[in-house]
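# Coordinate inspection notes
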Amino acid sequence: MNSFLSRILIAGVLLGSMLHGQAPVKRTELSADDLVMTSTDDETRAICTGNVVLTGTNMKIACDRLEIIAARTGESAATIGKLEGFKYLLATGNVRLVQGDREATCGRAEVLPDQDRVILYENPVVIDHSSDFIAAGSEITLHRGQRKLDVKNPKVTGPPVKDLGPGLDAKSTAPSP
């Protein structure tokens, strides 16, 4: 089943286009315990459950359940048409997204490639390991190409800021305890 699924989803569909355009293009691969796929003339819907891992250009999504809607073209009578690109992804249950030095965890994530956004729900946490930046909140929206992060009810931690208080000698740059 996994190799069948991989052949279907690898057919030119690139996950990297949804979030970040700097990484080299990589074929999309999906593995799961189970897959149910249905198609219409213009889209293919898939529901993957159990140990789901979707890996593509500069992005990896792991979760318990993944719903996928992809644009479909080609012969309408074909059981599986040509997949043109992701329209929508919904990851639920123990969601973990990894992109380079950044990592996010949550209970539910919506990936909206046409809007260049990923919205994280249910205790989302975003960690940038390269800068010691951690953002948590009730909802986090990541915006592709805008260097923008929207956090509702934020709790943010980052690297220390040097002490700029009075009475320090001008040469002192060490943060105070």
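## Focus: the pairing of strand E3 (residues 43-56)
As defined by bridge partners, strand E1 (residues 29-31) adjoins E3 across 3 bridges and the pair is classed as antiparallel. Bridging from a neighbouring strand, Ser 31 pairs with Val 53 of E3. Sheet topology note: the strand E2 (residues 34-39)/E3 ladder contains 6 bridges and is antiparallel. In the strand pairing of E3, Val 36 is matched with Ile 47. When E3 meets strand E4 (residues 59-73), the two strands line up antiparallel, connected through 12 bridges. Bridging from a neighbouring strand, Thr 44 pairs with Ala 70 of E4. Taking the residues that link successive antiparallel strands as the turn, the E3-E4 hairpin has 2 residues, and the phi of Asn 58 there is positive, at about 55 degrees.

## Side note on the packing of aromatic side chains
Pairs of aromatic rings are described using the distance from one ring centre to the other and the angle between the two planes. Within the structure shown, the criterion is met by 0 aromatic pairs. Positioned over the ring face of Tyr 121 is Arg 108, at 4.7 Å from the centre of the ring.

## So, the side chain of Arg 72
Inspection of the secondary structure puts Arg 72 in strand E4. Asp 41 provides the closest opposite charge to the buried, unpaired Arg 72, separated from it by 5.0 Å. Here the side chain of Arg 72 touches Thr 40 through a polar contact of 3.5 Å, landing on its backbone oxygen.

## A closer look at the state of the cysteines
According to the stated counting rule, one finds 0 disulfides in the structure shown. Free cysteine Cys 63: the closest other cysteine sulfur is in Cys 48, separated by 8.1 Å. No disulfide involves Cys 106; its sulfur sits 9.4 Å from that of Cys 63, the nearest cysteine.

## Concerning the pattern of salt bridges
Two side chains of opposite charge can pair, provided their charged atoms sit close to one another. Within this structure, the stated rule accounts for 7 salt bridges. We note a salt bridge from Glu 67 to Arg 65, for which the minimum N-O separation is 2.4 Å. Look at Glu 67 and you get partly exposed, because its relative accessible area is 26%. A salt bridge links Arg 108 to Glu 110, with the shortest nitrogen-to-oxygen separation between them at 3.7 Å. Taking relative accessible area as the criterion, Arg 108 reaches 26% and is therefore assigned partly exposed.

Quick notes on the rules
Residues numbered from 1 in each chain as written. Predicted model: local features only at pLDDT ≥ 70, side-chain atom pairs only at ≥ 80, totals over all residues. Heavy atoms only, no water. Pairing = 2+ DSSP bridges. Helix = DSSP H or I, 4+ residues; strand = E, 2+ residues; numbered from the N terminus. Phe/Tyr/Trp six-rings, centres within 6.5 Å; stacked < 30°, edge-to-face > 60°. Lys NZ or Arg CZ within 6 Å of the ring centre and 35° of its normal. Buried < 20%, exposed > 50% of the residue type's maximum accessible area, 1.4 Å probe, protein only. Lys, Arg positive; Asp, Glu negative; His and termini not counted. Salt bridge = Lys/Arg side-chain N within 4 Å of Asp/Glu carboxyl O. Polar contact = N/O pair within 3.5 Å; in protein donor to acceptor, adjacent residues only side chain to side chain. Disulfide = S-S within 2.5 Å.

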